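Report on the structure
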Amino acid sequence: MNKFIYFDNNATTRMDDKVVQAMLPFLTEFYTNPSALYAASSIPKKAIEQARIDVATLVNATPSEIIFTGCGTEADNTAIHSAIECYPNKRHIVISACEHPAVTKFVEYLEKKGYFVTRLLPTKDGIISPQTVAQVIRPDTALVSVMAANNETGVINPIYHIGDIVKKAGVLYHVDATQAIGKIPIDFRRTNADYMAFSAHKYHGPKGVGVLVVRKGTCYAPLLRGGGQENDCRAGTENVAGIVGTGMASRLAYEGLPLMADIQAMRDMIQHQIKLMFGPNVIILGESVPRTPNTLMVALKNINARTLQDALSNNGIMVGVGSACSCLKNPKPSPTVVAMGVPKDYQLGTLRISLSRFNLPKEKALQDVSHLLSTLSQL
Ligand code: PLP
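In this report, we go over the structure that sits alongside the text. (Residues numbered from 1 in each chain as written. Predicted model: local features only at pLDDT ≥ 70, side-chain atom pairs only at ≥ 80, totals over all residues. Heavy atoms only, no water.)

**Points about the site of the ligand**
As a reminder of what qualifies: Nearness here has a simple test: a residue counts as near a molecule or strand if at least one of its heavy atoms is within 4 Å of that partner. What qualifies as a polar contact is a pair of N or O atoms within 3.5 Å, subject to a donor-acceptor requirement within protein and to the restriction that residues adjacent in sequence count only when both atoms come from side chains. Cavities and pockets are found on a 1 Å grid laid over the protein atoms alone: a cavity is a set of points where a 1.4 Å probe fits but cannot escape, a pocket is an open set with protein on both sides within 12 Å along at least five of seven lines, and a lining residue has an atom within 4 Å of such a point. Throughout, a molecule is located in a cavity or pocket provided that more than half of its atoms lie within 2 Å of its grid points. The helix and strand labels rest on DSSP assignments: H or I over at least four residues marks a helix, E over at least two residues marks a strand, and numbering proceeds from the N terminus. Polarity classes work like this: nonpolar for Ala, Val, Leu, Ile, Met, Phe, Trp, Tyr, Cys and Pro, charged for Asp, Glu, Lys and Arg, and polar for all others, with Gly in that last group.
Around the ligand, a shell composed of 14 residues is seen, among which Thr-73, Asp-176, Gln-179, Ser-199 and Lys-202 lie nearest. At 2.8 Å from an oxygen atom of the ligand is found a main-chain nitrogen or oxygen belonging to Gly-72. Separating an oxygen atom of the ligand from a side-chain N or O atom of Ser-199 is a distance of 2.6 Å. Cavity membership is defined here by more than half of the atoms lying within 2 Å of grid points; on that basis the ligand lies in the largest pocket. No other element matches the three residues that helix α3 (residues 72–86) contributes to the shell around the ligand. Residue composition of the shell around the ligand, by class: three nonpolar, eight polar and three charged.

**Considerations on the nonpolar core**
The following threshold applies: Here the nonpolar core consists of buried residues drawn from Ala, Val, Leu, Ile, Met, Phe, Trp, Tyr and Cys, with membership extended through side-chain atoms lying within 4.5 Å. Three exposure classes are used, based on accessible area relative to the maximum for each residue type with a 1.4 Å probe and protein chains only: buried under 20%, partly exposed in between, and exposed over 50%. The contact criterion used throughout is that any non-hydrogen atoms of two residues lie within 4.5 Å.
Core analysis: the biggest nonpolar cluster contains 53 residues, and Phe-68, Val-144, Ile-181, Ile-186, Met-196, Phe-198 and Val-213 have the highest contact counts within it. The biggest single contributor to this core is helix α9 (residues 240–256), with eight residues. If sequence neighbours within four positions are ignored, Val-144 has contacts with Val-94, Val-133, Ile-137, Val-166, Val-171, Leu-172, Tyr-173 and His-174.

**Details of the packing of helix α2 (residues 42–59) against α9**
Defined as follows: Orientation is described by lines fitted to C-alpha atoms, with helices fitted over the stretch in contact, and by angles between N-to-C directions that extend from 0 to 180 degrees. Rotating anticlockwise by less than a right angle from the far helix to the near helix defines a left-handed crossing, while the corresponding clockwise rotation defines a right-handed one.
The N-to-C vectors of α2 and α9 enclose an angle of 30 degrees; their axes lie 8 Å apart at closest approach. For the pair α2 and α9, the sense of crossing is left-handed. Between α2 and α9, the residues in contact are Pro-44, Ala-47, Ile-48, Gln-50, Ala-51, Asp-54, Val-55, Thr-57 and Leu-58 and Val-240, Ile-243, Val-244, Thr-246, Gly-247, Ser-250, Arg-251, Ala-253 and Tyr-254, respectively. Looking at the contact of α2 with α9 residue by residue, the classes come out as eleven nonpolar, five polar and two charged.

**Section: unusual backbone geometry**
Pro-361 follows Leu-360 through a cis peptide bond whose omega is 10 degrees. With respect to the element layout, Pro-361 can be found in the loop between β12 (350–354) and α14 (362–378). The backbone of Asp-232 shows a phi angle near 70 degrees, a positive value even though the residue is not glycine. The class of Asp-232 is exposed, set by a relative accessible area of 56%. With a phi close to 50 degrees, Asn-302 is a non-glycine residue in the positive phi region. Inspection of the secondary structure assignment puts Asn-302 in the loop between β10 (295–300) and α11 (305–314). Taking relative accessible area as the criterion, Asn-302 reaches 60% and is therefore assigned exposed.

**Thoughts on the layout of surface pockets**
Stated formally: Grid points are joined across faces, edges and corners, and a volume is the space filled by probe spheres set on the points.
Its boundaries defined by the atoms lining it, the largest pocket holds a volume of some 720 Å³. Lining the largest pocket are 37 residues, and of these Glu-99, His-100, Pro-101, Asn-151 and Glu-152 lie nearest its centre. For the lining of the largest pocket, the secondary-structure elements that each account for two or more residues are α3, α4 (101–112) and α12 (335–339). With five residues, the single largest contributor to the lining of the largest pocket is α4. For the lining of the largest pocket, a count of residues per class yields eleven nonpolar, 17 polar and nine charged. Taken as a whole, the second largest pocket spans an internal volume of roughly 230 Å³. Contributions of two or more residues to the lining of the second largest pocket are made by β2 (66–69) and α8 (229–232). Across the lining of the second largest pocket, the residue classes tally to six nonpolar, four polar and five charged.

Now the structure itself:
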(Lines give C-alpha, C1' and ligand atoms only; values in the text may rest on other atoms or scores of the structure.)
Protein backbone atom coordinates (compact mmCIF):
# COMPACT_ATOMS: atom_id res chain seq x y z
CA MET A 1 0.00 0.00 0.00
CA ASN A 2 1.06 3.58 -0.61
CA LYS A 3 2.93 5.38 2.14
CA PHE A 4 1.56 8.61 0.70
CA ILE A 5 -1.76 9.97 -0.52
CA TYR A 6 -1.63 10.12 -4.28
CA PHE A 7 -3.71 12.77 -6.04
CA ASP A 8 -1.60 13.13 -9.22
CA ASN A 9 -3.12 10.48 -11.48
CA ASN A 10 -2.98 12.65 -14.58
CA ALA A 11 0.81 12.49 -14.30
CA THR A 12 0.84 8.73 -14.03
CA THR A 13 -1.13 5.95 -12.38
CA ARG A 14 -0.40 2.96 -10.22
CA MET A 15 -0.32 -0.26 -12.25
CA ASP A 16 -3.23 -2.52 -11.51
CA ASP A 17 -2.13 -5.79 -9.84
CA LYS A 18 -3.84 -7.73 -12.65
CA VAL A 19 -1.68 -5.84 -15.14
CA VAL A 20 1.47 -6.78 -13.24
CA GLN A 21 0.37 -10.43 -13.08
CA ALA A 22 -0.34 -10.49 -16.81
CA MET A 23 3.09 -9.03 -17.57
CA LEU A 24 5.26 -11.19 -15.30
CA PRO A 25 5.42 -14.35 -17.46
CA PHE A 26 6.64 -12.23 -20.38
CA LEU A 27 9.52 -10.89 -18.29
CA THR A 28 10.62 -14.36 -17.25
CA GLU A 29 9.34 -17.45 -19.05
CA PHE A 30 8.24 -16.14 -22.43
CA TYR A 31 11.16 -13.83 -23.18
CA THR A 32 11.94 -14.89 -26.74
CA ASN A 33 11.84 -12.39 -29.56
CA PRO A 34 8.30 -12.38 -30.95
CA SER A 35 9.65 -11.96 -34.50
CA ALA A 36 11.56 -15.26 -34.32
CA LEU A 37 10.10 -18.10 -36.35
CA TYR A 38 10.73 -20.92 -33.86
CA ALA A 39 8.01 -22.45 -31.71
CA ALA A 40 8.98 -20.65 -28.47
CA SER A 41 8.00 -17.33 -29.98
CA SER A 42 4.44 -18.25 -30.79
CA ILE A 43 3.28 -17.37 -27.25
CA PRO A 44 4.68 -13.80 -27.12
CA LYS A 45 3.53 -13.26 -30.71
CA LYS A 46 -0.01 -14.37 -29.88
CA ALA A 47 -0.01 -12.29 -26.68
CA ILE A 48 0.81 -9.14 -28.64
CA GLU A 49 -2.05 -9.82 -31.04
CA GLN A 50 -4.46 -10.40 -28.14
CA ALA A 51 -3.38 -7.07 -26.61
CA ARG A 52 -3.99 -5.40 -29.97
CA ILE A 53 -7.55 -6.75 -29.93
CA ASP A 54 -8.11 -5.55 -26.34
CA VAL A 55 -6.81 -2.05 -27.08
CA ALA A 56 -8.86 -1.81 -30.29
CA THR A 57 -12.00 -2.88 -28.42
CA LEU A 58 -11.50 -0.14 -25.83
CA VAL A 59 -11.54 2.62 -28.45
CA ASN A 60 -13.74 1.04 -31.15
CA ALA A 61 -10.98 0.60 -33.72
CA THR A 62 -9.93 -2.52 -35.58
CA PRO A 63 -6.83 -4.41 -34.36
CA SER A 64 -5.00 -3.73 -37.63
CA GLU A 65 -5.31 0.01 -36.91
CA ILE A 66 -3.33 -0.25 -33.64
CA ILE A 67 0.42 0.46 -33.56
CA PHE A 68 2.30 0.03 -30.28
CA THR A 69 4.94 2.71 -29.63
CA GLY A 70 7.39 3.50 -26.84
CA CYS A 71 5.22 6.20 -25.17
CA GLY A 72 2.39 8.64 -25.80
CA THR A 73 4.91 11.27 -26.89
CA GLU A 74 6.19 8.98 -29.63
CA ALA A 75 2.64 8.30 -30.80
CA ASP A 76 1.91 12.07 -31.00
CA ASN A 77 5.21 12.81 -32.75
CA THR A 78 4.62 9.97 -35.21
CA ALA A 79 1.14 11.23 -36.13
CA ILE A 80 2.43 14.72 -36.94
CA HIS A 81 5.50 13.38 -38.72
CA SER A 82 3.31 11.06 -40.77
CA ALA A 83 0.96 13.83 -41.88
CA ILE A 84 3.72 16.12 -43.11
CA GLU A 85 5.61 13.29 -44.82
CA CYS A 86 2.46 12.26 -46.65
CA TYR A 87 1.72 15.76 -47.89
CA PRO A 88 5.11 17.46 -48.35
CA ASN A 89 3.58 20.41 -50.21
CA LYS A 90 1.22 21.28 -47.37
CA ARG A 91 3.10 23.46 -44.90
CA HIS A 92 0.40 24.56 -42.47
CA ILE A 93 -0.45 22.83 -39.18
CA VAL A 94 -3.33 23.68 -36.83
CA ILE A 95 -3.10 22.80 -33.14
CA SER A 96 -4.88 24.00 -30.04
CA ALA A 97 -3.00 26.36 -27.73
CA CYS A 98 -3.67 23.88 -24.89
CA GLU A 99 -1.91 20.82 -26.34
CA HIS A 100 0.61 18.80 -24.36
CA PRO A 101 4.33 19.42 -25.09
CA ALA A 102 4.30 16.04 -26.91
CA VAL A 103 2.50 18.00 -29.65
CA THR A 104 3.58 21.62 -29.10
CA LYS A 105 7.31 20.96 -28.97
CA PHE A 106 7.33 18.88 -32.14
CA VAL A 107 5.32 21.54 -33.93
CA GLU A 108 7.67 24.28 -32.64
CA TYR A 109 10.54 22.30 -34.13
CA LEU A 110 8.71 22.15 -37.47
CA GLU A 111 8.00 25.88 -37.28
CA LYS A 112 11.75 26.51 -37.09
CA LYS A 113 12.06 24.43 -40.25
CA GLY A 114 9.64 26.71 -42.10
CA TYR A 115 6.18 25.30 -41.34
CA PHE A 116 3.31 27.68 -40.51
CA VAL A 117 1.48 26.93 -37.31
CA THR A 118 -1.92 28.21 -36.17
CA ARG A 119 -2.56 27.84 -32.45
CA LEU A 120 -6.26 27.91 -31.65
CA LEU A 121 -7.20 29.81 -28.50
CA PRO A 122 -9.77 28.17 -26.24
CA THR A 123 -12.84 29.80 -24.78
CA LYS A 124 -12.40 31.11 -21.23
CA ASP A 125 -13.60 27.68 -20.09
CA GLY A 126 -10.78 25.99 -21.97
CA ILE A 127 -12.75 24.48 -24.86
CA ILE A 128 -11.68 24.57 -28.50
CA SER A 129 -14.77 25.49 -30.46
CA PRO A 130 -15.40 23.69 -33.77
CA GLN A 131 -16.15 27.05 -35.45
CA THR A 132 -12.62 28.33 -34.73
CA VAL A 133 -11.23 25.21 -36.39
CA ALA A 134 -13.37 25.77 -39.48
CA GLN A 135 -12.14 29.37 -39.75
CA VAL A 136 -8.42 28.56 -39.90
CA ILE A 137 -8.26 25.59 -42.27
CA ARG A 138 -6.48 26.57 -45.51
CA PRO A 139 -5.79 24.73 -48.78
CA ASP A 140 -2.25 24.04 -47.54
CA THR A 141 -3.26 22.68 -44.12
CA ALA A 142 -1.59 19.31 -43.60
CA LEU A 143 -3.01 18.45 -40.18
CA VAL A 144 -5.38 19.57 -37.45
CA SER A 145 -4.44 18.29 -33.97
CA VAL A 146 -6.79 18.72 -31.01
CA MET A 147 -6.61 16.88 -27.70
CA ALA A 148 -9.64 14.97 -26.42
CA ALA A 149 -9.16 16.11 -22.83
CA ASN A 150 -6.68 18.53 -21.33
CA ASN A 151 -4.04 17.13 -18.98
CA GLU A 152 -4.24 20.09 -16.58
CA THR A 153 -7.89 21.11 -16.44
CA GLY A 154 -9.53 17.88 -17.66
CA VAL A 155 -11.67 19.98 -20.03
CA ILE A 156 -13.15 17.78 -22.77
CA ASN A 157 -13.05 19.09 -26.33
CA PRO A 158 -15.84 18.45 -28.87
CA ILE A 159 -13.56 16.12 -30.84
CA TYR A 160 -16.43 14.44 -32.73
CA HIS A 161 -17.86 17.72 -33.98
CA ILE A 162 -14.39 19.02 -34.85
CA GLY A 163 -13.76 15.74 -36.70
CA ASP A 164 -16.81 16.32 -38.89
CA ILE A 165 -15.50 19.75 -39.88
CA VAL A 166 -11.94 18.59 -40.53
CA LYS A 167 -13.12 15.61 -42.55
CA LYS A 168 -15.40 17.79 -44.68
CA ALA A 169 -12.39 20.02 -45.41
CA GLY A 170 -10.40 16.95 -46.52
CA VAL A 171 -7.62 17.54 -44.00
CA LEU A 172 -5.84 14.97 -41.81
CA TYR A 173 -6.99 14.97 -38.18
CA HIS A 174 -5.04 13.89 -35.08
CA VAL A 175 -6.55 13.46 -31.61
CA ASP A 176 -4.34 13.20 -28.55
CA ALA A 177 -6.60 11.07 -26.35
CA THR A 178 -3.99 10.41 -23.66
CA GLN A 179 -5.96 12.06 -20.85
CA ALA A 180 -9.34 10.75 -21.96
CA ILE A 181 -8.73 7.01 -22.25
CA GLY A 182 -9.98 5.10 -19.24
CA LYS A 183 -11.80 8.20 -17.94
CA ILE A 184 -14.50 8.74 -20.56
CA PRO A 185 -15.65 6.53 -23.46
CA ILE A 186 -13.75 7.30 -26.64
CA ASP A 187 -15.01 6.05 -29.99
CA PHE A 188 -12.25 6.24 -32.60
CA ARG A 189 -14.66 5.56 -35.48
CA ARG A 190 -16.91 8.42 -34.46
CA THR A 191 -14.03 10.91 -34.16
CA ASN A 192 -13.33 10.76 -37.91
CA ALA A 193 -9.70 10.99 -36.79
CA ASP A 194 -6.90 9.71 -38.99
CA TYR A 195 -4.57 9.36 -36.02
CA MET A 196 -5.21 8.99 -32.33
CA ALA A 197 -2.55 8.73 -29.61
CA PHE A 198 -2.58 7.56 -26.02
CA SER A 199 -0.41 6.07 -23.32
CA ALA A 200 -0.81 3.00 -21.10
CA HIS A 201 0.61 4.46 -17.89
CA LYS A 202 -2.25 6.97 -17.68
CA TYR A 203 -4.79 4.19 -17.14
CA HIS A 204 -3.07 1.75 -14.78
CA GLY A 205 -0.90 0.15 -17.46
CA PRO A 206 2.90 0.14 -17.61
CA LYS A 207 5.11 3.14 -18.36
CA GLY A 208 6.87 3.08 -21.71
CA VAL A 209 4.03 1.90 -23.95
CA GLY A 210 2.11 4.24 -26.22
CA VAL A 211 -0.59 3.52 -28.77
CA LEU A 212 -1.08 5.16 -32.13
CA VAL A 213 -4.32 4.35 -33.91
CA VAL A 214 -4.12 4.97 -37.65
CA ARG A 215 -7.35 4.85 -39.59
CA LYS A 216 -7.39 2.15 -42.26
CA GLY A 217 -6.56 3.77 -45.60
CA THR A 218 -4.91 6.85 -44.06
CA CYS A 219 -1.49 7.68 -45.45
CA TYR A 220 1.18 6.68 -42.93
CA ALA A 221 4.92 7.28 -42.69
CA PRO A 222 6.82 5.73 -39.75
CA LEU A 223 9.02 7.82 -37.50
CA LEU A 224 11.27 4.93 -36.52
CA ARG A 225 12.73 2.86 -39.33
CA GLY A 226 14.57 -0.42 -38.89
CA GLY A 227 13.20 -3.92 -38.36
CA GLY A 228 9.81 -4.83 -39.73
CA GLN A 229 7.97 -4.90 -36.39
CA GLU A 230 4.42 -3.64 -36.05
CA ASN A 231 3.74 -4.45 -39.67
CA ASP A 232 6.58 -2.14 -40.79
CA CYS A 233 4.92 0.77 -39.00
CA ARG A 234 7.20 1.06 -35.93
CA ALA A 235 10.63 -0.51 -35.85
CA GLY A 236 12.19 -1.89 -32.67
CA THR A 237 11.87 -5.20 -30.85
CA GLU A 238 8.50 -5.21 -29.16
CA ASN A 239 8.16 -4.48 -25.46
CA VAL A 240 6.17 -7.68 -25.09
CA ALA A 241 5.49 -7.47 -21.35
CA GLY A 242 4.54 -3.80 -21.67
CA ILE A 243 2.22 -4.49 -24.58
CA VAL A 244 0.58 -7.38 -22.73
CA GLY A 245 0.13 -5.08 -19.72
CA THR A 246 -1.44 -2.46 -21.98
CA GLY A 247 -3.90 -5.05 -23.26
CA MET A 248 -4.89 -5.99 -19.71
CA ALA A 249 -5.12 -2.32 -18.65
CA SER A 250 -7.40 -1.69 -21.64
CA ARG A 251 -9.67 -4.56 -20.65
CA LEU A 252 -9.85 -3.27 -17.08
CA ALA A 253 -10.46 0.28 -18.28
CA TYR A 254 -13.35 -0.92 -20.41
CA GLU A 255 -14.90 -2.73 -17.44
CA GLY A 256 -14.00 0.01 -14.96
CA LEU A 257 -15.63 3.02 -16.62
CA PRO A 258 -18.72 2.83 -14.35
CA LEU A 259 -16.41 3.49 -11.35
CA MET A 260 -15.88 6.96 -12.75
CA ALA A 261 -19.19 8.04 -11.19
CA ASP A 262 -17.75 7.45 -7.69
CA ILE A 263 -14.53 9.18 -8.66
CA GLN A 264 -16.47 12.17 -9.94
CA ALA A 265 -18.46 12.35 -6.70
CA MET A 266 -15.17 12.51 -4.80
CA ARG A 267 -13.80 15.18 -7.16
CA ASP A 268 -16.97 17.25 -6.76
CA MET A 269 -16.78 16.99 -2.98
CA ILE A 270 -13.17 18.27 -2.93
CA GLN A 271 -14.14 21.05 -5.33
CA HIS A 272 -17.06 22.09 -3.14
CA GLN A 273 -14.92 22.20 0.01
CA ILE A 274 -12.11 24.16 -1.68
CA LYS A 275 -14.66 26.71 -2.90
CA LEU A 276 -16.01 27.08 0.64
CA MET A 277 -12.48 27.42 2.01
CA PHE A 278 -11.10 29.97 -0.45
CA GLY A 279 -14.25 31.86 -1.53
CA PRO A 280 -13.40 34.57 -4.09
CA ASN A 281 -9.71 33.65 -3.91
CA VAL A 282 -10.14 30.51 -5.97
CA ILE A 283 -11.12 29.88 -9.58
CA ILE A 284 -12.11 26.36 -10.68
CA LEU A 285 -10.81 25.92 -14.21
CA GLY A 286 -13.41 24.58 -16.63
CA GLU A 287 -16.04 24.43 -13.89
CA SER A 288 -19.01 25.03 -16.17
CA VAL A 289 -18.03 22.72 -19.05
CA PRO A 290 -17.59 18.93 -19.37
CA ARG A 291 -14.41 17.71 -17.69
CA THR A 292 -12.87 14.29 -17.14
CA PRO A 293 -14.51 13.03 -13.95
CA ASN A 294 -11.23 12.61 -12.06
CA THR A 295 -9.68 16.04 -12.59
CA LEU A 296 -9.83 19.25 -10.57
CA MET A 297 -7.63 22.23 -11.38
CA VAL A 298 -7.90 25.18 -9.02
CA ALA A 299 -6.21 28.56 -9.38
CA LEU A 300 -5.51 30.28 -6.05
CA LYS A 301 -4.99 34.01 -5.82
CA ASN A 302 -1.49 35.32 -5.04
CA ILE A 303 -0.14 31.89 -4.22
CA ASN A 304 2.81 30.03 -5.70
CA ALA A 305 1.42 26.56 -6.29
CA ARG A 306 4.92 25.07 -6.20
CA THR A 307 5.32 26.21 -2.59
CA LEU A 308 1.95 24.70 -1.75
CA GLN A 309 2.84 21.49 -3.58
CA ASP A 310 6.02 21.21 -1.50
CA ALA A 311 4.13 21.83 1.73
CA LEU A 312 1.47 19.24 0.85
CA SER A 313 4.20 16.80 -0.12
CA ASN A 314 5.83 17.28 3.31
CA ASN A 315 2.48 16.21 4.72
CA GLY A 316 2.39 13.07 2.61
CA ILE A 317 0.02 14.36 -0.10
CA MET A 318 1.09 14.35 -3.76
CA VAL A 319 -0.68 16.77 -6.12
CA GLY A 320 0.23 18.34 -9.46
CA VAL A 321 0.85 21.98 -10.34
CA GLY A 322 0.00 23.74 -13.56
CA SER A 323 3.07 25.91 -13.95
CA ALA A 324 5.18 25.27 -17.02
CA CYS A 325 8.46 25.88 -15.25
CA SER A 326 8.55 23.97 -12.02
CA CYS A 327 11.38 26.04 -10.54
CA LEU A 328 10.49 27.76 -7.28
CA LYS A 329 12.32 31.06 -7.88
CA ASN A 330 11.14 31.93 -11.35
CA PRO A 331 7.87 30.07 -12.00
CA LYS A 332 6.06 30.58 -15.29
CA PRO A 333 2.33 30.03 -15.75
CA SER A 334 1.23 27.14 -17.94
CA PRO A 335 0.38 28.04 -21.55
CA THR A 336 -3.09 26.52 -21.06
CA VAL A 337 -3.82 28.73 -18.06
CA VAL A 338 -2.62 31.83 -19.94
CA ALA A 339 -4.61 30.88 -23.06
CA MET A 340 -7.76 30.55 -20.95
CA GLY A 341 -7.31 34.16 -19.81
CA VAL A 342 -7.01 33.33 -16.10
CA PRO A 343 -6.26 36.65 -14.27
CA LYS A 344 -2.53 37.23 -13.68
CA ASP A 345 -2.76 37.07 -9.87
CA TYR A 346 -4.16 33.52 -10.11
CA GLN A 347 -1.90 32.18 -12.86
CA LEU A 348 0.87 30.79 -10.64
CA GLY A 349 -1.51 29.32 -8.09
CA THR A 350 -2.74 26.41 -10.19
CA LEU A 351 -2.96 23.17 -8.27
CA ARG A 352 -4.14 19.97 -9.97
CA ILE A 353 -5.84 17.23 -8.02
CA SER A 354 -6.38 14.13 -10.17
CA LEU A 355 -7.94 10.93 -8.86
CA SER A 356 -8.18 7.31 -9.90
CA ARG A 357 -9.92 4.13 -8.82
CA PHE A 358 -7.06 3.58 -6.36
CA ASN A 359 -8.34 6.55 -4.35
CA LEU A 360 -11.46 4.48 -3.63
CA PRO A 361 -13.21 2.89 -1.73
CA LYS A 362 -15.34 5.64 -0.27
CA GLU A 363 -14.19 5.26 3.37
CA LYS A 364 -10.54 5.61 2.36
CA ALA A 365 -11.43 8.46 -0.01
CA LEU A 366 -13.16 10.38 2.78
CA GLN A 367 -10.16 10.01 5.08
CA ASP A 368 -7.68 11.10 2.41
CA VAL A 369 -9.82 14.04 1.30
CA SER A 370 -10.25 15.27 4.86
CA HIS A 371 -6.46 15.07 5.35
CA LEU A 372 -5.97 17.07 2.15
CA LEU A 373 -8.50 19.70 3.17
CA SER A 374 -7.28 20.10 6.74
CA THR A 375 -3.67 20.37 5.50
CA LEU A 376 -4.72 22.96 2.92
CA SER A 377 -6.57 25.01 5.53
CA GLN A 378 -3.57 24.93 7.90
CA LEU A 379 -1.26 26.04 5.10
N1 PLP B 1 -0.37 13.81 -24.24
C2 PLP B 1 -0.94 14.16 -23.09
C3 PLP B 1 -2.23 14.92 -23.12
C4 PLP B 1 -0.36 13.82 -21.87
O5 PLP B 1 -0.95 14.18 -20.73
C6 PLP B 1 0.87 13.12 -21.89
C7 PLP B 1 1.56 12.78 -20.63
O8 PLP B 1 1.51 13.51 -19.66
C9 PLP B 1 1.44 12.76 -23.12
C10 PLP B 1 0.79 13.12 -24.28
C11 PLP B 1 2.73 12.03 -23.20
O12 PLP B 1 2.62 10.69 -22.79
P13 PLP B 1 3.93 9.86 -22.37
O14 PLP B 1 4.27 10.28 -20.99
O15 PLP B 1 3.53 8.43 -22.44
O16 PLP B 1 4.98 10.19 -23.35
